[in-house]
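Okay, here's what each chain looks like letter by letter:
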Amino acid sequence: MNAAQLPPVAPEVTATLVEGLSPRLRKRLDAAVTKLAARPTHRDGDTTTIEVDDETELRLYAPGGVVAKVEDVTCGCLLAPACVHRAAAACAAPAADLAPEPAEQATPEAPGPASATAPTPFGPDAAHALGLNVAPASGPDTATGVAANAAPGRAPNTAPDAATPHETAGPDQRAAADALWSAGAAVLEAGVDGAGAVTQSALLRAAHSARLRHLPRAAGAALSVVTLLRASRAGNPSYRTAELVTALAELLGTARRVGTASGAELAAVRGRVRRPYSPDGSLRLYGLFTEPVVTDSGHGGVRTWVAGADGRLFTVGDVAPGGVGRALGVADRAVRLGDSALTHRELGRAGLAVSGATVSPDGRLGAGKAVKAVTARGAAWTEPPLAALWETPPAEQAARALRSTSRYADPDGTGSDLLFLDVELLGAVREPGGACLLAQCEGGVRVRLTVADDDPALAHRDNLALLAAAPGTRLRIIGRLIPATHPRLTLLACTHPTGEGTVDLGLDRLRRADLPDPSAPAHFAPPQPAGPGGASPLYLLERRVEQTVPAGRAALGLLSDVTAETRRIRRGGLPTAAALLTALCASAAQRDRDLFGRLLPADTDGFAAYWLAAARYTAAVSESLCAAAWNATEGDPVAVPPVPVHDAAG
């Protein structure tokens with residue numbers, strides 16, 4: 001059995017089942033989850049059955065695809081319903097997200113009145129002991145997920161949780177945020193290895209309470225942390241520690257800011273359950289390209305990018321379960337938009353006239369019944385209005401894309417992570433993970449172009465290898481920014497090497513005959529110097545931030561001395577990073593004793609505050625180094641923009 005075979009379980013159901021266990025059974029819960037994962041499972045309609053043993057079956061009833069009530073999990077063993085099996089099954093199943101993408105023109109509903117619950121204050125912020133100002137920043141963070149299910153008898157809140165200019169969070173919201181902070185700090189204390197089903201249950205309970213208090217952004221971050229914890233503990237190959245670092249920092253940062261934010265910042269911190277489509281009148285659209293979309297969760301499809309007459313970017317997508325095979329097939333299916341009979345491939349090179357258009361905040365075009373669309377003439381990349389996309393200097397485009405890809409960007413922020421560049425190919429460059437294509441764009445900036453997906457069924461890898469055999473070729477390209485200390489993009493589309501038409505590099509396959517010199521072998525450019533951040537000692541702080549996540553606070557508490565590391569960081573011009581590293585490790589090692597010499601509980605709040613400041617600081621500096629790399633020309637000195645310390649803990 002794997003988690004994908006089980007229906008999603010509502011967070012409050014899992015939390016209730018775990019909280020109902022006796023202390024003795026809670027100690028056995030993680031082992032029970034592992035044992036249950038090895039048992040046969042089969043599904044019949046809305047009911048999924050797990051064979052606990054030869055004589056006992058456990059059933060999960062999921063009407064509508066989600067286990068929404070505690071009574072929907074039943075077990076046939078003698079100890080039921082107080083057995084460990086029900087809680088283990090809920091912990092093994094995915095956490096339900098009952099806030100799917102909105103239907104077209106969903107009707108907003110204002111949040112209901114808040115209940116009066118006394119707040120629980122945050123723990124002490126030990127960072128202030130160093131004189132470091134790590135107060136919450138004014139800029140909003142990134143939402144890593146969407147909140148859980150709606151309360152019985154109440155439609156989900158689909159509108160932004162608007163706030164008046166001087167409105168602050170109510171006591172019930174502050175209490176919910178405090179619970180999220182405590183649950184997140186407990187994960188940092190224990191690490192992935194110690195954050196078992198009971199710790200995850202506390203996060204799910206806090207997420208459920210936050211959703212009921214109209215804090216969907218923080219609730220979604222908590223669900224993301226639980227999902228990543230389970231992926232790590234299950235040995236999922238797609239798991240990345242950096243993703244859990246980002247999710248934990250988002251959870252802690254958002255929870256911390258609830259008590260201090262007001263007005264527009266409070267609305268951003270609260271977030272929204274769903275991102276509704278809004279009317280956008282009539283649009284004249286011009287196709288740019290189509291990219292295949294394949295996710296780790298087994299979904300596949302395509303996304304077609306189009307531009308409006310004013311240069312705004314929009315997307316039309318079709319993604320559903322099916323993997324790479326579906327992605328290749330959907331490319332030649334008709335676009336679901338009005339009366340248009342264009343396929344996605346065709347739309348990427350043609351045009352549309354749309355009336356009654358609806359658009360989501362991130363630029364997705366709605367396909368409601370009121371939307372009308374007819375085929376129109378497209379435009380070449382060298383013709384207006386598309387040609388204007390390539391006229392913006394690369395550094396300005398990179399800065400805009402960086403705001404979109406930032407780990408803690410505004411969840412409702414607009415903007416695209418695409419760059420439009422005119423480049424000259426220089427050849428392949430060897431890297432530790434393989435090879436990428438080097439190109440030079442305006443201002444002498446050298447950018448590395450990588451494949452968007454290594455799957456051999458897609459054309460990305462073969463096309464990039466062919467282009468490496470054509471040094472000196474000038475192309476107009478579209479790529480997606482990869483934040484790094486040197487200019488780097490995933491290559492998505494380009495003009496054809498012959499100058500006729502364009503190439504969707506994930507779907508269309510170039511041939512050797514398309515190259516200027518078909519017989520030329522792949523050309524390798526000479527080794528390239530590191531970018532402006534290539535020699536930055538920031539990684540010394542980054543690795544300690546990441547080291548905490550798998551093993552918990554104890555991993556840093558065992559470090560004897562970090563003086564050499566902090567000295568090197570200071571020599572690199574990052575005194576704030578050195579101070580944060582010193583404070584983080586000191587907080588991890590600090591354990592006070594009472595008058596009888598007994599160890600007192602660790603200051604989990606203080607350690608979490610330091611860790612959050614370090615995580616946010618390293619992200620901000622990394623983004624500054626990325627922006628500086630795009631501003632640098634060969635041989636020019638680079639000044640890394642300063643990062644205010646008070647923004648670090650966001």
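Reading the values: the criteria
Residues numbered from 1 in each chain as written. Predicted model: local features only at pLDDT ≥ 70, side-chain atom pairs only at ≥ 80, totals over all residues. Heavy atoms only, no water. Phe/Tyr/Trp six-rings, centres within 6.5 Å; stacked < 30°, edge-to-face > 60°. Helix = DSSP H or I, 4+ residues; strand = E, 2+ residues; numbered from the N terminus. Buried < 20%, exposed > 50% of the residue type's maximum accessible area, 1.4 Å probe, protein only. Core = buried A, V, L, I, M, F, W, Y, C linked by side-chain atoms within 4.5 Å. Contact = heavy atoms within 4.5 Å. Salt bridge = Lys/Arg side-chain N within 4 Å of Asp/Glu carboxyl O. pLDDT = per-residue confidence, 0-100. Disulfide = S-S within 2.5 Å. Pairing = 2+ DSSP bridges. Axes fitted to C-alpha atoms, helices over the stretch in contact; angles between N-to-C directions. Lys, Arg positive; Asp, Glu negative; His and termini not counted. Parallel < 35°, antiparallel > 145°, perpendicular 65-115°, else oblique. Left-handed = near helix turned anticlockwise from the far one by under 90°. Nonpolar A, V, L, I, M, F, W, Y, C, P; charged D, E, K, R; others polar. Expected span 1.5 Å × (residues − 1).

Further remarks concern the packing of aromatic side chains. Going through the model one piece at a time under the given rule, you end up with three aromatic pairs. With centroids separated by 6.3 Å and ring planes inclined at 10°, the aromatic side chains of Phe 289 and Trp 305 adopt a geometry described as stacked. Here Phe 289, found in strand β5 (residues 278-294), pairs with Trp 305, found in strand β6 (residues 299-308); they are 16 residues apart in sequence, far enough to count as distant. Each member of the pair Phe 289 and Trp 305 is classed as buried. With 5.1 Å between their ring centres and 75° between their planes, Trp 390 and Phe 420 make a pair best called edge-to-face. One end of the pair, Trp 390, is in the loop between β9 (372-376) and α12 (394-405); the other, Phe 420, is in strand β10 (residues 418-431), with 30 residues separating them in the sequence. In this structure, Trp 390 and Phe 420 share a single accessibility class: buried. Taken together, the aromatic side chains of Trp 381, Trp 390 and Phe 420 make up a single cluster linked through ring pairs.

For the rest of this paragraph, the subject is the nonpolar core. Counting 71 residues, the largest nonpolar core has Leu 203, Leu 244 and Trp 611 as the members making the most contacts within it. Of all the elements in the fold, those that place two or more residues in this core are α5 (171-194), α6 (197-212), α7 (216-233), α8 (241-258), α9 (263-270), α14 (539-551), α17 (575-589) and α18 (604-631). Among the elements that take part in this core, α18 stands out by supplying 13 residues, more than any other. Once residues within four sequence positions are removed from consideration, Leu 244 is found in contact with Val 192, Val 225, Leu 228, Leu 229, Tyr 239 and Val 549. In this structure, Leu 437, Leu 449, Val 503 and Cys 626 belong to the second largest nonpolar core, which totals 32 residues.

Now for the pattern of salt bridges. Here the structure, examined in full by the defined rule, presents 28 salt bridges. Between Arg 257 and Glu 265 there is a salt bridge; the shortest N-O distance is 3.1 Å. Within the structure, one salt-bridge network assembled from shared partners comprises Asp 332, Arg 345, Arg 349, Asp 504 and Asp 508.

In this model, the protein carries an average pLDDT of 82, and 83% of its residues clear a pLDDT of 70 or more. Throughout residues 100-161 the model reports pLDDT below 50, and contacts reaching past four residues in sequence, or to other chains, amount to 172 contacts. Across residues 634-650 the pLDDT falls below 50, and counting only partners more than four positions away or on other chains, this stretch makes 40 contacts in the model.

On to the state of the cysteines, then. Applying the stated criterion across every chain, the model contains zero disulfides. For the unlinked cysteine Cys 83, the closest cysteine sulfur is that of Cys 77, found at 3.6 Å.

Strand order in the open sheet formed by five strands is β7-β6-β5-β8-β9, with antiparallel pairing between adjacent strands. This sheet does not close on itself; its edge strands, each paired only once, are β7 (313-321) and β9. Ignoring which end each strand starts from, the neighbouring axes of this sheet average 35° apart. In the packing of helix α10 (residues 323-330) onto the sheet, contacts are made with β5, β6 and β7, and the angle to β6 comes to roughly 40°.

Positionally, Arg 86 belongs in helix α4 (residues 84-92). Buried charge without a salt bridge: Arg 86, with Glu 71 as the nearest opposite-charge side chain at an N-O distance of 6.8 Å. Not counting residues within four places of it along the chain, the set of residues in contact with Arg 86 comprises Leu 17, Leu 58, Val 70, Val 73, Thr 74, Cys 75 and Pro 81.

Taken N-terminus to C-terminus, the directions of α8 and α9 make an angle of 140°; their axes are 10 Å apart at the nearest point. Judged on the interaxial angle alone, α9 and α8 are oblique. Crossing of α8 against α9: the hand is left-handed. Contact residues: α8 offers Thr 254, Arg 257 and Val 258, while α9 offers Glu 265, Leu 266 and Val 269. Residue classes in the contact of α8 with α9 are distributed as three nonpolar, one polar and two charged.

Turning next to α17. Here α17 contains 15 residues, and its C-alpha end-to-end distance of 21 Å stays within 8% of the 21 Å for a straight helix at 1.5 Å per residue. Three or more residues of α17 are buried, namely Thr 576, Ala 577, Ala 578, Ala 579, Leu 580, Leu 581, Ala 583, Leu 584, Cys 585, Ser 587 and Ala 588. Here the buried face of α17 lies against α14, α15 (553-557), α16 (563-571) and α18.

Glancing now at the side chain of Thr 495. In this fold, Thr 495 is placed in strand β14 (residues 488-495). The residues touching Thr 495, leaving out its near neighbours within four places in the chain, are Trp 381, Leu 475, Arg 476, Gly 501 and Thr 502.

Let's shift gears to the sheet that holds strand β3 (residues 57-61). Reading across from one edge, β1-β2-β3-β4 is the order of the four strands in this open sheet, with antiparallel pairing throughout. Looking at which strands have only one partner, the edges of the open sheet turn out to be β1 (41-44) and β4 (73-75). The sheet shows a mean angle of 20° between the axes of neighbouring strands, direction not considered. Here strand β2 (residues 47-51) runs beside β3; their pairing, made up of five bridges, is antiparallel. Across the sheet, the residue bridging to Glu 51 is Glu 57, located in β3.

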